[in-house]
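# Residue-level structure breakdown
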Amino acid sequence: MADGSRQLARELTFGEARLGWATAARSSLWARCGCGREAVIDPRPWIAQGLGRQLVQDMGHRLRCVCGARRAQLEIRGLAEAPGRGAGGIHVFR
């Protein structure tokens, strides 16, 4: 929103988001590592594998960070919630 507050399109409880929701209009999938690094993740290869109904929280073990971490937290963000700075360094492992 223009005033800087965050408002989700739908109210979710933790862990309910499905991977397929990341392909909805004006949505994106982001990974956040414990080191503070954030990166946008393309969910289309996972969805092509039939994983679209998987819980987003269950997909973090498939990511690797350049810091060496073997897991990252995934979240679905709206376009307004995406950081304005460059992001990267977290990659899909499998």
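The structure we're discussing is the one just above.
Read on for an overview of the structure. As the structure is a computational prediction, the values presented were derived from the model and not from experiment.

### A look at the sheet that holds strand S4 (residues 73-78)
Ordered by their spatial adjacency, three strands build an open sheet running S2-S1-S4, and the pairing between neighbours is antiparallel. At either margin of the open sheet sits one strand with a lone partner, and together these are strand S2 (38-41) and S4. Direction aside, neighbouring strands of the sheet carry axes that sit 35° apart on average. Alignment of strand S1 (residues 27-32) against S2, held across four bridges, turns out to be antiparallel. Note that in S2 the partner of Trp-30 across the bridge is Val-40.

### Examining the side chain of Arg-64
Structurally, the position occupied by Arg-64 is in strand S3 (residues 63-65). Although buried, Arg-64 forms no salt bridge, and the nearest oppositely charged side chain, Asp-58, lies 14 Å from it. Among the polar contacts listed, one links the side chain of Arg-64 to the backbone oxygen of His-61, at a separation of 2.8 Å. Setting aside its immediate chain neighbours within four residues, Arg-64 contacts Ala-69, Arg-70, Gly-89, Ile-90, His-91 and Phe-93.

### A word on the pattern of salt bridges
Per the stated rule, a full pass over the model turns up four salt bridges. Note that Asp-42 is salt-bridged to Arg-44, the shortest N-O span being 2.9 Å. One salt bridge in this structure joins Glu-75 and Arg-77, with 2.5 Å as the shortest N-O distance. Relative accessible area serves as the criterion here: at 19%, Glu-75 is assigned to the buried category. Judged by its relative accessible area of 6%, Arg-77 is buried. Taken together, the salt bridges that share partners define one network made up of Arg-32, Glu-38, Glu-75 and Arg-77.

Cut-offs used in this document
- Residues numbered from 1 in each chain as written.
- Predicted model: local features only at pLDDT ≥ 70, side-chain atom pairs only at ≥ 80, totals over all residues.
- Heavy atoms only, no water.
- Pairing = 2+ DSSP bridges.
- Helix = DSSP H or I, 4+ residues; strand = E, 2+ residues; numbered from the N terminus.
- Axes fitted to C-alpha atoms, helices over the stretch in contact; angles between N-to-C directions.
- Buried < 20%, exposed > 50% of the residue type's maximum accessible area, 1.4 Å probe, protein only.
- Lys, Arg positive; Asp, Glu negative; His and termini not counted.
- Salt bridge = Lys/Arg side-chain N within 4 Å of Asp/Glu carboxyl O.
- Polar contact = N/O pair within 3.5 Å; in protein donor to acceptor, adjacent residues only side chain to side chain.
- Contact = heavy atoms within 4.5 Å.

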